[in-house]
Amino acid sequence: MTATTGAVAAIHVSPEGLVMETSPGIARDDADGWAAAMAALGTVSAASVGIVGDLTAGGYPWGHSIIEDRVGQTLVLVGAPDQSMIAVVGAKGADLGEIVGRMIELADRGLLLPVTA
């Protein structure tokens, strides 16, 4: 498994909102905060699917969501087949196509996205 360029940090959260795994350097308290935010964003994303139409397939609660901050960093969330979620922070200028594609590939296999510092 190779690292994805531009991915700064990652976390894998269970369907119940519990931290399953994080990339190195994420403190437990921070990971718990991420998990709570991811649960809320996952709920919003799942509700949005019903508003815009059924765009997901294969039992996913939703496909992926991307949030960009004012300086160009991104937070990307991907739903996995087991209803868990993976989130990755991307650096400014990161290739979102590569990050999202790799996240979907790894989510389908139940793995956390490796990151490069």
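Refer to the preceding data block for the structure.
Residues numbered from 1 in each chain as written. Predicted model: local features only at pLDDT ≥ 70, side-chain atom pairs only at ≥ 80, totals over all residues. Heavy atoms only, no water.

*Asks:* Give a description of helix α2 (residues 96–109) that names residues and reports values.
*Replies:* Taking 1.5 Å as the rise per residue, α2 with 14 residues should run 20 Å; its terminal C-alpha atoms sit 20 Å apart, in good agreement. Ile99, Val100, Arg102, Met103, Leu106 and Ala107 are the residues of α2 that are buried. Viewed end-on, α2 has its buried residues packed into an arc of 165 degrees, placing them on one side of the element. Residues of α2 that are buried make contact with β1 (7–13), β3 (64–68), β4 (74–79) and β5 (85–90). (Helix = DSSP H or I, 4+ residues; strand = E, 2+ residues; numbered from the N terminus. Expected span 1.5 Å × (residues − 1). Buried < 20%, exposed > 50% of the residue type's maximum accessible area, 1.4 Å probe, protein only. Arc of directions from axis to C-beta. Contact = heavy atoms within 4.5 Å.)

*Asks:* Can you explain the pattern of salt bridges? Please cite residues and give values.
*Replies:* Evaluated as defined, the whole model comprises 2 salt bridges. Between Arg28 and Asp32 there is a salt bridge, with the nearest N and O atoms lying 3.2 Å from each other. Here Asp32 and Arg28 lie together in helix α1 (residues 28–52), a separation of 4 residues that amounts to about one turn. Judged by relative accessible area, Arg28 falls into the exposed class, the value being 52%. (Salt bridge = Lys/Arg side-chain N within 4 Å of Asp/Glu carboxyl O.)

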